[in-house]
Amino acid sequence: AGIGKCVALELARRNARTILACRSRDRGQAAVEEIRAATGNPAVLLRLVDTGSLASVRAFARDVLREEKRLDVLVNNAGVSGLPFTITPEGLEQTFATNYLGPFLLTNLLLG
């Protein structure tokens, strides 16, 4: 939704192979279908990732590096606010993990 969906839509309009990295399978698949229909680009894909989980980020990055020949653009757009104080299973504060640590780790894992 929001800025991330708009960026994905514009990339798909430019005929880019576009991966939507989403927490929710249902919402992500709906966005994929909407973007494909709006652009005619069949190369819009859904991959699941939760940037609040470093294990999820590592698995996502591993899969992208294995499946994709190259990565030209990465848009880190995940974010949460207003959550109650929560500690992740990895011992991190949830908002900090989701908004900062996960995207930082993802970027570093995907660098060539």
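Data block above holds the structure.
These remarks concern the structure in this document. (Residues numbered from 1 in each chain as written. Predicted model: local features only at pLDDT ≥ 70, side-chain atom pairs only at ≥ 80, totals over all residues. Heavy atoms only, no water.)

**Re the pattern of salt bridges**
What counts is decided by this rule: Salt bridges, as used here, are contacts in which a Lys or Arg side-chain nitrogen is within 4 Å of a carboxyl oxygen on Asp or Glu. Working definition: with a 1.4 Å probe on protein chains only, accessible area under 20% of the residue-type maximum means buried, over 50% means exposed, and in between means partly exposed.
This model, assessed by the stated rule, comprises nine salt bridges. In this structure, Arg14 engages Glu10 in a salt bridge whose closest nitrogen and oxygen atoms are separated by 3.0 Å. Classification of Glu10 by relative accessible area gives partly exposed; the value is 32%. The partner of Asp72 in a salt bridge is Arg70, with the nearest N and O atoms 3.0 Å apart. The class of Asp72 is exposed, set by a relative accessible area of 59%. Using a relative accessible area of 61% as the deciding quantity, one classes Arg70 as exposed. It is possible to trace a salt-bridge network through shared partners that takes in Arg47, Arg62, Asp63, Arg66 and Glu67.

**Overview of unusual backbone geometry**
Our working rule: Each helix is a run of DSSP H or I of at least 4 residues and each strand a run of E of at least 2, with the numbering of both proceeding from the N terminus.
Of note in the backbone geometry, Asn15 takes a positive phi value of approximately 70° without being a glycine. Here Asn15 is to be found in the loop between α1 (2–13) and β1 (18–22). Residue classification places Asn15 among the exposed positions, given a relative accessible area of 63%.

**Observations concerning the pairing of strand β2 (residues 44–48)**
The criterion, for reference: At least two DSSP bridges between two strands are required for those strands to pair. Handedness is read with the strands pointing away from the viewer; a crossover is right-handed when the path from the first strand over the helix to the second is clockwise.
Looking at chain direction, β1 and β2 are connected through five bridges and run parallel. In the sheet register, Cys22 faces β2, and the bridge partner there is Leu48. Between β1 and its parallel partner β2, the chain crosses via helix α2 (residues 25–39), and the hand of that crossover is right-handed.

**Things to note about the state of the cysteines**
Here is the rule we go by: Disulfide assignment relies on a single distance test, namely cysteine sulfur atoms paired within 2.5 Å.
Summed over all chains, the structure comprises zero disulfides. The thiol sulfur of Cys22 is not disulfide-bonded, and the nearest other cysteine sulfur, from Cys6, lies at 14 Å.

**Concerning the packing of helix α3 (residues 54–67) against helix α4 (residues 94–110)**
Rule in force here: Axis definition: a line fitted to C-alpha atoms, over the contacting stretch in the case of helices. Angles run 0 to 180 degrees between N-to-C directions. The cut-offs work like this: below 35 degrees is roughly parallel, past 145 is roughly antiparallel, 65 to 115 is roughly perpendicular, and the gaps in between are oblique. Helix crossings fall into two classes, left-handed where the near helix is turned counterclockwise from the far one by less than a right angle and right-handed where it is turned clockwise. For this analysis, residues touch if any pair of their heavy atoms sits within 4.5 Å. Each residue is assigned to one of three groups, with Ala, Val, Leu, Ile, Met, Phe, Trp, Tyr, Cys and Pro labelled nonpolar, Asp, Glu, Lys and Arg labelled charged, and all others, Gly among them, labelled polar.
α4 packs onto α3 with a crossing angle of 25° between their chain directions and a minimal axis gap of 9 Å. For the element pair α3 / α4, the angle class is roughly parallel. Here the hand of the crossing between α3 and α4 comes out right-handed. Counted together, Leu54, Val57, Arg58, Phe60, Ala61, Val64 and Leu65 of α3 and Leu101, Gly102, Leu105, Leu106, Leu109 and Leu110 of α4 form the full contact between these two elements. Looking at the contact of α3 with α4 residue by residue, the class counts come to 11 nonpolar, one polar and one charged.

**Regarding the packing of aromatic side chains**
How we decide: Each pair of aromatic rings taken from Phe, Tyr and Trp, with Trp reduced to its six-membered ring, is defined by centres within 6.5 Å and is described as stacked if the planes are under 30 degrees apart, edge-to-face if over 60, and tilted in the remaining cases.
Going through the model one piece at a time under the given rule, you end up with one aromatic pair. With centroids separated by 5.7 Å and ring planes inclined at 40°, the aromatic side chains of Phe96 and Tyr100 adopt a geometry described as tilted. You can see Phe96 and its partner Tyr100 sitting in helix α4, four residues apart, about one turn around the helix.

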